[in-house]
Amino acid sequence: MIRLCVATCLFAVAATAFAAPTPEEVLSLVNSPQVEHGAIVTEFGVFATRKTGRWGTAGQSTIVRISRGSDGTVRSEPAAFARPPANDSSPYFDLASGRMCFVSDRPHVDRVPDRTDADIWCARRERNGWSEPSPLPSPVNSLGREYSPVFDSSGTLFFASDREGGLGQGDLYEARLGDDARWRVKNLGPAVNSPTGEWNLGLSPDGSYLIFEASSREENLSIPGDLYFSRRSGNGWTAALPLSKLNSRGSDLLPRWLDDQTLLYASSRKGDGDVDILAAQTEDWMPLSPTLAVIARSSGELVLLDPLTLVERRRIAVGTGPHELAASQDGRRAVVPLLGIYPKPHQEPLAKRPPFLSGPSEGFTRVDLATGERTLHPLPECARPHGVAADAQAARVWVTCEAEGQVLELAAEGAAVSRRFDLGKGVHKVVYHPVIDSLVTTNPDTGQIHRIHLSDGRLRALTSGAGAEGLVLSADGLWAWVSHSGDGKVCRIALDDLRLDWCRDVAGGFPIAVALLPAVNELWVSRLAGSAISILSAESGEIRDEVALPSGALNLAVNPAAGLVYATLPRRNEVVAIHAARRAIVAAASDVMEGDDLDLISWSYASTAPDS
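Being a predicted model, the structure only gives us computed values, none of them experimental.

A.B. asks: Help me out: how do you make sense of the overall build of the chain in this one?
C.D. replies: A tally of regular secondary structure across the chain gives 1 helix and 51 strands. Viewed in the frame of its principal axes, the chain has a C-alpha envelope of about 80 × 50 × 45 Å. Within the chain, buried positions represent 58% of all 612 residues. Sequence separation of 24 or more characterises 46% of the internal contacts of the chain that already satisfy a separation of 6 or more. Accessible area of the chain: about 23400 Å², with a carbon and sulfur share of 51%. For the chain, the centre of its 59 positive side-chain charges and the centre of its 75 negative side-chain charges are spaced 1 Å apart.

A.B. asks: Which parts of the structure should I look at to understand the sheet that holds strand β20 (residues 263–267)?
C.D. replies: Paired through backbone hydrogen bonds, the strands of a sheet run either parallel or antiparallel to each other. The antiparallel open sheet is built from 3 strands, whose spatial order is β19-β20-β21. The open sheet terminates on both sides in strands that have one partner only, identified here as β19 (252–257) and β21 (276–280). The average undirected angle you get between the axes of adjacent strands in this sheet is 30°. Two strands pair when backbone bridges link them, and β20 and β21 are joined in this way by 5 bridges, in the antiparallel orientation. When the sheet's bridge partners are listed, Tyr265 is paired in β21 with Leu278. The sheet strands contacting helix α1 (residues 23–30) are β20 and β21, and the helix crosses β21 at an angle near 170°.

A.B. asks: Got a minute to help me understand the layout of surface pockets in this structure?
C.D. replies: Take a probe with the size of a water molecule and roll it over the atoms, and the empty space left behind shows itself. Size it by volume and the second largest pocket reaches roughly 720 Å³. Along the wall of the second largest pocket there are 26 residues; nearest its centre are His37, Trp55, Ser61, Ser89 and Tyr147. Counting only elements with at least two residues in the lining of the second largest pocket, the list comes to β5 (88–94), β6 (99–104), β10 (146–151), β14 (197–203) and β19. Split by residue class, the lining of the second largest pocket holds 9 nonpolar, 12 polar and 5 charged.

A.B. asks: Help me understand the sheet that holds strand β33 (residues 406–410) in this model?
C.D. replies: Taken in spatial order, the 4 strands line up as β31-β32-β33-β34 in an open sheet, and their pairing is antiparallel. The sheet is open, and its two edges are formed by β31 (385–390) and β34 (417–422), each paired on a single side. Strand-to-strand twist across the sheet, computed as the mean angle between neighbouring axes with direction ignored, equals 20°. Here 5 bridges tie β33 to β34, and the two strands are oriented antiparallel to one another. Pairing of Val407 across the sheet is with Phe421, part of β34.

Conventions we followed
- Residues numbered from 1 in each chain as written.
- Predicted model: local features only at pLDDT ≥ 70, side-chain atom pairs only at ≥ 80, totals over all residues.
- Heavy atoms only, no water.
- Helix = DSSP H or I, 4+ residues; strand = E, 2+ residues; numbered from the N terminus.
- Buried < 20%, exposed > 50% of the residue type's maximum accessible area, 1.4 Å probe, protein only.
- Contact = heavy atoms within 4.5 Å.
- Areas by Shrake-Rupley, 256 points an atom, 1.4 Å probe, with all protein chains shown as cover.
- Lys, Arg positive; Asp, Glu negative; His and termini not counted.
- Charge placed at Lys NZ, Arg CZ, Asp CG, Glu CD.
- Pairing = 2+ DSSP bridges.
- Axes fitted to C-alpha atoms, helices over the stretch in contact; angles between N-to-C directions.
- 1 Å grid on protein atoms, 1.4 Å probe; cavity = no way out; pocket = protein on both sides within 12 Å on 5 of 7 lines; lining within 4 Å.
- Points joined across faces, edges and corners; volume = space filled by probe spheres on them.
- Nonpolar A, V, L, I, M, F, W, Y, C, P; charged D, E, K, R; others polar.

Spelled out as C-alpha cells, the structure:
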C-alpha cells in the first residue's frame, strides 16, 4: 500500500476501505484542466490543492479529496476540513499526531483584524471523520504568511514563512513542541535560506533531506521557483543545490513523496497557464554523491573517484581526445568537449612528453555523471573544442574553439549556438563566475585574458604574459590568478578593471595550473617541467613553500572541506591527493590514462572557488 510517508496504518478509515493507487493512477486522478499542486496519498484518500484560474493569477484554492468511482469516473469534492470560500492549500498528514495540517486564510481569533494572511491549521483524524480545524499557536503562526507544513517521523514541523527577522523574502523554519506544550521555532539558516525567497518544501520519508522551492536565485532557470536539495548534516543542513534534472523554465514546487520513494511535484513547465503534478524516481534526480571527476585524455574517458580515498567508482566513455569538463552543481549534467588531439596511450610511466595523435573532433558529449547516460553532439562550427564552463544547472554552457578563436554559448539541450564571442585564435580555457555573471578566458598563443560580460556581451582584454593558461577566480569575483608557461610567472589580476596587480616569477619550469586555498590564503602553482608545486601567498605572491611530486602535474583541484589538493600526473597515468597542511601525498589513483582536467562535484563543496 502506498501512503505519504506512512509505514504502518494506525488509524481506522471511515466508511469504505481505501485502495491505494499506483503512482500512475495518482497522476491520472489529480491532474485536470485546472491548476493542481501539493498532492498527497493517505489511507484516507488522495488529497490535492485545486485552484481556479490560470497559474500566477488570483483564484480560489480548495483542498479536494479525489477518488475514482466504480464506473471509472474521477470524482473530486472539497475535503471535509476545507471551508470554501476560504483559500485552503498544501495538505500534509502527520502520522505522529494523527492530524491533517494545511494552510488557510480563514479568519481566527488570534489574527490581527482585517489581515488575510495564510496560517497553518490542523484537523485531527477521528473515528468518524475529521475534527473542526484550528490554527497552530504563535510562534508557529505569525503576523506574516506561513506556507507548506510538513512533519518528520518525530513530529517536528517544517514550514516556510515570510515573517519578519528572516534572511530573505521567505525562509524555511522548523518547530518543535516541547514538554511544556509550547512550540519553539528555529530558522534553518543560510545553508538553506538566502536573501531571496524559500517557500514550498517537502521532507524525504526518512527525514534525511529536504527539497524546496526557491525564487529569484541567480542559479534559477525560472525566477518564480526552482527546486533545491539539502541534506541533513549533524544539527544543520548542507548547502542547497538546484536539481538540474527536475527544474524547468516554469515554476517547479511543492514536492511530496509516496512510500515507494516516488517523488511528486507540481510544475507549470507547459507554459499554458496550467500546473500539473509530475512524478520522478530517485535515480532520475538525486544529486551525485561527493565525487572527483577526472578526464583521461588518451582513453577518452571520464573517471569518477572517491574524493577521500581516490578509489575508482565508475568509468564513462565520452569520445576522442577530451581535455576539460564542466558539470552542474548536482553532478547530473556534465559537458565534455572533444578536442580530437591526445597523447599516444602508454601503460608504463614516461620521463618525457609522448607523441600526440590527432583526428577530427567529434564535438562534445553531455553526460549524466550519476547514471553514465551520455549523448554525443557534433559541433561543426568548432573544429577544435577545448575549454568548457557551465552555470549552476548547466542550463548555459560555453565552449572554447581554439581554431576559430571563439567562445560559443550553447543551449541547455542539443548543440544550438545562441551566441558567439570572437577572442582570437588559441583561446584555451574558460571559467564562468556567477557573482559577476561573466566569463574569463586565457589564451596561451596571444598571452591574453578576456572578461566577457554576459549581460550585454561586452568584451575586455588584457595582455598578461606569454603562455597565459592556468586560471582560477576568487569566490567573490574580484580577482583572477593566471599562470604563464611561456615566461614562467604567475599574475594576480583585478577583474573589475582588468589590471595587473602583481606578477611573480616561479622558478623551475612551465607553470601551467593554479589552485586557490582561500582559507589559508595560498595559491598552488603546478610546475609541469619541474615536477613540483610552488605555494605562494594568494595576497602578495610571496613564495612560501613547495611540494615535490614524482612527475609533473598538469591540472589541480581543491577540496576545501577535507583540506586536500588534487593533481593529475599524466606521464604516470596517476591522480594524487595532497594533504594541504602536511604538504604530503595521502592517496593516489592509477590507470587514469594521461589525466588532464579534474573537478570536485558535490553539494558538500558548492562553495569552492571557480577554477579551470
